[in-house]
Amino acid sequence: MWTTRGLVDNTYTTASDLWIRWLTRQSSIHIILQTNNTLTFFKQLVICCKVHTMSRVFSSLVCSLLLSTTWALAISNTAVLTLSNVTTYPTARCLDGSPFAYYIRPGVSDGANKWMVMLEGGGFCSHIKDCTERSFTDLGSSVNYSATMDLGEISFMTADEQNPFREWNQVYVRYCDGSMWMANRTNNDDPETGGLWITGHNNVAALIAQLSGEQEIEYGARKVMLRSIAEPGSTVILSGGSAGGIGAFNNVDFLARTLPDSFVLGAPVGGFPPELFW
């Protein structure tokens, strides 16, 4: 019997504890491993596989199963970057025209068909001047986004065992158009926009379209096949804070219409339209 708890990924993040209890058939010897370090855990498991008294062929099969299953069920705080394809989704962009982007951590076990979608907050822009200034920052451009993101500080997305959503697919959606996720312009040639792309709602639509197809992603040192967010019986929670909360209010009905066979919920964290002074 074995259980795992904590975090495992290719960066070997520290786990709270990892146990394996293995009763060998021939010797009735209990082999118990306990470690607070993931790399040490795998080294000890490999040693255990080499020294126990079971037959060589059978033991290699059991060890391979243990290693692969342990890796598959491990959960990490690391999410990986995905950039939208501007050819497939030409109106899903940041203010400067760079591709819209999101970070994703694959779900495991019963969470493989459950989705937590978090819209990033970050205020808004309302004039060409401040939107242009914004386009040179991470709130208006994806050109400087890092390849990975740590979800450990986000309560709904952390891999902490106290988070009831820890095994779900986690999608952190970057906010880069300044419209509080409401805009749906299809080009940047209107003088009113100053050559900028104002496409927040389009970005949400492109996200759901991309996640609706099964896709294989590179996650650390392995490839993971994601199930479709549109799969019948899937659960989808749309959340966000501040401007992301407003985005959740404004897009949850669209999400429910787009995913008729899914159970869709809105869970905005704050997010009420700010008072404007013109």
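Because the structure is a prediction, the values reported are computed rather than measured.

Cut-offs and rules
- Residues numbered from 1 in each chain as written.
- Predicted model: local features only at pLDDT ≥ 70, side-chain atom pairs only at ≥ 80, totals over all residues.
- Heavy atoms only, no water.
- Helix = DSSP H or I, 4+ residues; strand = E, 2+ residues; numbered from the N terminus.
- Contact = heavy atoms within 4.5 Å.
- Polar contact = N/O pair within 3.5 Å; in protein donor to acceptor, adjacent residues only side chain to side chain.
- Phe/Tyr/Trp six-rings, centres within 6.5 Å; stacked < 30°, edge-to-face > 60°.
- Lys NZ or Arg CZ within 6 Å of the ring centre and 35° of its normal.
- Pairing = 2+ DSSP bridges.
- Axes fitted to C-alpha atoms, helices over the stretch in contact; angles between N-to-C directions.

A.B. asks: Outline the environment of glutamate 192, listing residues and values.
C.D. replies: Structurally, glutamate 192 can be placed in the loop between strand E8 (169-173) and helix H4 (200-211). Each C-alpha atom of the pair glutamate 192 and histidine 127 lies 8.9 Å from the other, and the pair is 65 residues apart in sequence. Look past the residues within four positions of glutamate 192 in its chain and what remains in contact with it is Ile128 and Arg185. Looking at glutamate 192, its side chain comes within polar contact range of the side chain of arginine 185, at 3.1 Å.

A.B. asks: Any chance you could break down the packing of aromatic side chains for me, citing the residues and the numbers?
C.D. replies: Taken as a whole and judged by the stated rule, the model has four aromatic pairs. With 6.0 Å between their ring centres and 70 degrees between their planes, phenylalanine 156 and phenylalanine 165 make a pair best called edge-to-face. Judged by centre distance (4.9 Å) and plane angle (80 degrees), the rings of phenylalanine 165 and tryptophan 168 are edge-to-face. An aromatic cluster of at least three residues, connected via ring pairs, comprises Phe156, Phe165 and Trp168. Above the plane of the ring of tryptophan 197 lies arginine 93, whose end atom (NZ or CZ) is 4.4 Å from the centre. Sitting above the plane of the tyrosine 145 ring, arginine 174 keeps its charged end 4.1 Å from the centroid.

A.B. asks: Quick one: what's the story with unusual backbone geometry, residue by residue and with numbers?
C.D. replies: Positive phi is not limited to glycine here, since tryptophan 181 has a value of about 65 degrees. Tracing the backbone shows tryptophan 181 in the loop between E8 and H4. A positive phi angle, close to 60 degrees, is found at serine 242, a residue other than glycine. By secondary structure assignment, the location of serine 242 is in the loop between strand E11 (235-241) and helix H5 (243-258).

A.B. asks: I'd love a proper account of the side chain of serine 142, names of residues and values included.
C.D. replies: As for its position among the elements, serine 142 is in the loop between helix H3 (128-134) and strand E7 (148-150). Within the structure, the side chain of serine 142 is placed 2.7 Å from the backbone oxygen of proline 99, a separation counted as a polar contact. In contact with serine 142, other than residues within four places in its own chain, are Leu83, Cys94, Ser98, Pro99 and Ala101.

A.B. asks: Provide a residue-level description of the sheet that holds E8, including the pertinent values.
C.D. replies: The strand order across the open sheet formed by seven strands is E7-E4-E5-E8-E6-E11-E12, and the pairing between neighbours is mixed. Edge positions in the open sheet fall to E7 and strand E12 (263-269), since each of these has one partner strand only. Across the sheet, the axes of successive neighbouring strands diverge by a mean angle of 25 degrees, strand direction being ignored. Inspection of the sheet shows strand E5 (residues 101-105) paired to E8 by four bridges, in the antiparallel sense. Paired with tyrosine 102 across the two strands is valine 173, which belongs to E8. Sheet contacts for H4: strand E4 (78-83), E5, strand E6 (114-119) and E8; angle to E5, the most-contacted strand, approximately 40 degrees. Packing against the sheet, H5 makes contact with E6, E11 and E12, and its axis sits at approximately 155 degrees to E11.

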